[in-house]
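Chain residues, written in single-letter form:
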Amino acid sequence: MKTLLMLGAMAGLAAGRQDEKKAAELEAIIVDVTGTVDVKRPSDKDWVAAEKNMKLGKGSEICTAEASTATLLFQPNLTITVKAITMTKLEALAKTEKGIKTDVRLKFGSVNVELKKGEIESSLKVATPNATTSVSGSRRM
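None of these values were measured; they are calculated from a predicted model.

J.: Please clarify how the overall build of the protein should be interpreted in this entry.
T.: Secondary structure summary: the protein contains one helix and 13 strands in total. If you list the helices and strands of the protein from N to C, you get α-β-β-β-β-β-β-β-β-β-β-β-β-β. Classification of the 141 residues of the protein by burial places 31% in the buried group. Taking the intrachain contacts of the protein between residues at least 6 apart in sequence as the baseline, contacts between residues at least 24 apart amount to 44%.

Listed below in structure tokens is the structure:
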């Protein structure tokens, strides 16, 4: 019985590792910056000023000041605009066999999301301290 349980546990671990291998890490690209926007990537020691064409990976944080915005492009069909006085973190950003998976955690503030219909299915989850919203698939623009 112990052998059977060990084999089952090992098979479960192997399946989990295969799922991790299937998910390729992606990067978001800052396509527009207005006003004062700072970012902190996992490799950065301190916050730095956001710049157009800067790449952000999983774990990156974005903070916008008053009258400031940052627009992020998640290839190929998802755009998120981080509005003024917002702090957010990219929790997940990966390409899987099913499509693109993006999880964004809002610490405070707001974002606008534009998801264009495309060949690749995208899923997006926006979580706040009080609620979670998700979108699976794409809609025609």
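J.: Even after reading the chapter, I still don't get the sheet that holds strand S2 (residues 28–34), so can you show me in this structure?
T.: Sheets are built from strands that pair by backbone hydrogen bonding, the pairs being arranged parallel or antiparallel. Pairing is antiparallel in the open sheet, where five strands are placed in the order S5-S2-S7-S8-S11. Pairing within the sheet leaves two strands with one partner each, and these edge strands are strand S5 (55–56) and strand S11 (111–115). As paired elements, S2 and strand S7 (residues 69–74) share five bridges and run antiparallel to each other. Following the sheet pairing, Ile30 is matched in S7 by Leu72.

J.: How should the nonpolar core be read in this particular structure?
T.: Generally speaking, nonpolar side chains in soluble globular proteins are found buried as a group. Judged by nonpolar contacts, the single largest core of 22 residues is most densely connected at Leu56, Ile62, Leu72, Phe74 and Leu90. Those residues in contact with Phe74 that lie beyond four places of it in its chain are Ala28, Ile80, Leu90, Leu93 and Thr102.

J.: Looking at this structure, I do not really get the pairing of S2. What am I missing?
T.: The two faces of a sheet get side chains in turn, since along a regular strand they alternate between them. Pairing of S2 with S5, which is carried by two bridges, proceeds in the antiparallel orientation. Looking across to S5, one finds that Ile29 is bridged to Lys55.

J.: Explanation requested: unusual backbone geometry in the structure shown.
T.: One non-glycine residue, Ala67, lies in positive phi territory at about 60 degrees. As for its position among the elements, Ala67 is in the loop between strand S6 (61–64) and S7. With a phi angle near 55 degrees, Ile85 is a residue other than glycine that sits in the positive phi range. With respect to the helices and strands, the residue Ile85 is situated in the loop between strand S8 (78–82) and strand S9 (86–96).

J.: Would you mind showing me how to read the environment of Val33 here?
T.: With respect to the helices and strands, the residue Val33 is situated in strand S2. Given the relative accessible area of 27%, Val33 is considered partly exposed. For the pair formed by Val33 and Ala50, sequence separation is 17 residues and the distance between their alpha carbons is 7.2 Å. Every residue in contact with Val33, bar those within four places of it in the chain, is listed here: Ala50, Glu51, Lys52 and Thr69.

J.: Explanation requested: the side chain of Thr71 in the structure shown.
T.: Summarising the element assignment, Thr71 is placed in strand S7. Residue class for Thr71 comes out buried when judged on its relative accessible area of 13%. Residues within four places of Thr71 in sequence aside, it is in contact with Ile29, Ile30, Val31, Asp32, Thr79, Ile80 and Thr81.

J.: Got a minute to help me understand the confidence of the model for the protein in this structure?
T.: Caution applies to low-pLDDT parts of the model: their predicted coordinates are not meant to be read in detail. Looking at the protein, pLDDT values average 80 and 76% of them are 70 or higher. Confidence drops under pLDDT 50 across residues 1–21; counting only partners more than four residues distant or on other chains, this segment forms zero contacts.

J.: Quick question: what am I supposed to make of the pattern of salt bridges here?
T.: Side chains that differ in charge, positive against negative, can pair when their charged atoms come close. The full count for this structure, using the stated rule, is four salt bridges. Note that Arg105 is salt-bridged to Glu91, the shortest N-O span being 3.9 Å. Note that Arg105 is positioned in strand S10 (residues 99–108) and Glu91 in strand S9, a separation of 14 residues in sequence. For Arg105, a relative accessible area of 37% corresponds to the partly exposed category. Overall, Glu91 belongs to the partly exposed group, its relative accessible area being 31%.

The rules we used
- Residues numbered from 1 in each chain as written.
- Predicted model: local features only at pLDDT ≥ 70, side-chain atom pairs only at ≥ 80, totals over all residues.
- Heavy atoms only, no water.
- Helix = DSSP H or I, 4+ residues; strand = E, 2+ residues; numbered from the N terminus.
- Buried < 20%, exposed > 50% of the residue type's maximum accessible area, 1.4 Å probe, protein only.
- Contact = heavy atoms within 4.5 Å.
- Pairing = 2+ DSSP bridges.
- Core = buried A, V, L, I, M, F, W, Y, C linked by side-chain atoms within 4.5 Å.
- pLDDT = per-residue confidence, 0-100.
- Salt bridge = Lys/Arg side-chain N within 4 Å of Asp/Glu carboxyl O.

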